Amino acid sequence: NHMSGRERLIDFAAGGGSGLIADGATHPVDTVRTRLWMQGSKNAGYRYNGLWHGFCDIVKKEGPASLFKGFGSVALLTPVAHGLYFGSYEWAKKVLSVNTHCSEGSVHLVAGFFANGVGALIWNPMDVVKQKQQAMVGELYTGPMDGLRAVWREGGLFR
């Protein structure tokens, strides 16, 4: 039940590729959703009557590319986060199946918890950068690495 390097690489690549495709396809909706959350704040500068109105208003006033604000951090980190998630999930399943007397359902549950924790190490900082960019009218960071550095300076890892 030992995973070869090739099997681990396949799990990592499959997770990374599928995560990037899924996040790319849903990013415009996520941008509008983030704006809907933020529209009540005093610095928002926009007001939408719902998802469709938000989508149309962003495209009209800021251009279609604005629906993909924050996608740089997603493109940079999602393949890594999803790759780690799927790779660690498969690894944990195999380790738990061989080294414990857990039921199959328990193995999947514990492996899923473990994998989500591993993926969250990348997802959380990525989401902070992404959502800050999505919420802004105009540019907040010069790129994903600038955003990650700024988030680190502002809040660090444990603040």
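Further up the page is the structure itself.
Here goes a summary of the coordinates provided. (Residues numbered from 1 in each chain as written. Predicted model: local features only at pLDDT ≥ 70, side-chain atom pairs only at ≥ 80, totals over all residues. Heavy atoms only, no water.)

**Some words on the overall build of the protein**
No. 1: Of regular secondary structure, the protein possesses 5 helices and 0 strands.
No. 2: In sequence order, the protein lays out its α and β elements as α-α-α-α-α.
No. 3: Taking the principal axes of its C-alpha atoms as reference, the protein extends roughly 55 × 35 × 25 Å.
No. 4: Counting across all 159 residues of the protein, residues that qualify as buried make up 36%.
No. 5: Contacts in the protein between residues far apart in sequence, at least 24 positions, make up 65% of those at least 6 positions apart.
No. 6: For the protein, the computed accessible surface area is about 9600 Å², with 64% contributed by carbon and sulfur atoms.
No. 7: Between the centroid of the 16 positive side chains of the protein and the centroid of its 12 negative side chains there is a distance of 6 Å. (Helix = DSSP H or I, 4+ residues; strand = E, 2+ residues; numbered from the N terminus. Buried < 20%, exposed > 50% of the residue type's maximum accessible area, 1.4 Å probe, protein only. Contact = heavy atoms within 4.5 Å. Areas by Shrake-Rupley, 256 points an atom, 1.4 Å probe, with all protein chains shown as cover. Lys, Arg positive; Asp, Glu negative; His and termini not counted. Charge placed at Lys NZ, Arg CZ, Asp CG, Glu CD.)

**A word on helix α3 (residues 71-99)**
Residue pairs spaced three or four apart in an α-helix point in one direction, given the helix's 3.6 residues per turn.
No. 1: In this model, α3 (29 residues) spans 40 Å end to end at C-alpha, consistent with the 42 Å of a helix rising 1.5 Å per residue.
No. 2: In the structure, α3 departs most strongly from a straight axis at Leu 77, where the bend amounts to approximately 40 degrees and where the proline Pro 79 lies between one and four residues downstream. (Expected span 1.5 Å × (residues − 1). Bend = angle between axes of the 7 residues up to and from the residue.)

**A closer look at the packing of α3 against helix α5 (residues 144-155)**
No. 1: Close contact between α3 and α5 brings their axes to 8 Å; oriented N to C, the two are set at 90 degrees. Judged by the inter-axis angle, α3 sits roughly perpendicular to α5. The residues of α5 that touch α3, namely those facing Gly 72, Ser 73, Leu 76 and Leu 77, are Pro 144, Met 145 and Leu 148.
No. 2: Of the residues contributing to the contact of α3 with α5, the split by class is 5 nonpolar, 2 polar and no charged. (Axes fitted to C-alpha atoms, helices over the stretch in contact; angles between N-to-C directions. Parallel < 35°, antiparallel > 145°, perpendicular 65-115°, else oblique. Nonpolar A, V, L, I, M, F, W, Y, C, P; charged D, E, K, R; others polar.)

**Considering the pattern of salt bridges**
No. 1: Overall, the coordinates contain 7 salt bridges when judged by the stated rule.
No. 2: Note that Asp 30 and Arg 33 form a salt bridge whose closest N and O atoms lie 1.9 Å from each other. Of the two residues, Asp 30 and Arg 33 both sit in helix α1 (residues 5-38), 3 residues apart, roughly one turn of that helix.
No. 3: A salt bridge links Asp 57 to Lys 61; the nearest nitrogen and oxygen atoms lie 3.3 Å apart. With Asp 57 and Lys 61 both in helix α2 (residues 51-62) and 4 residues apart, this pair spans about one turn of that helix.
No. 4: Sharing partners across several salt bridges, the network here consists of Asp 30, Arg 33, Asp 127 and Lys 130. (Salt bridge = Lys/Arg side-chain N within 4 Å of Asp/Glu carboxyl O.)

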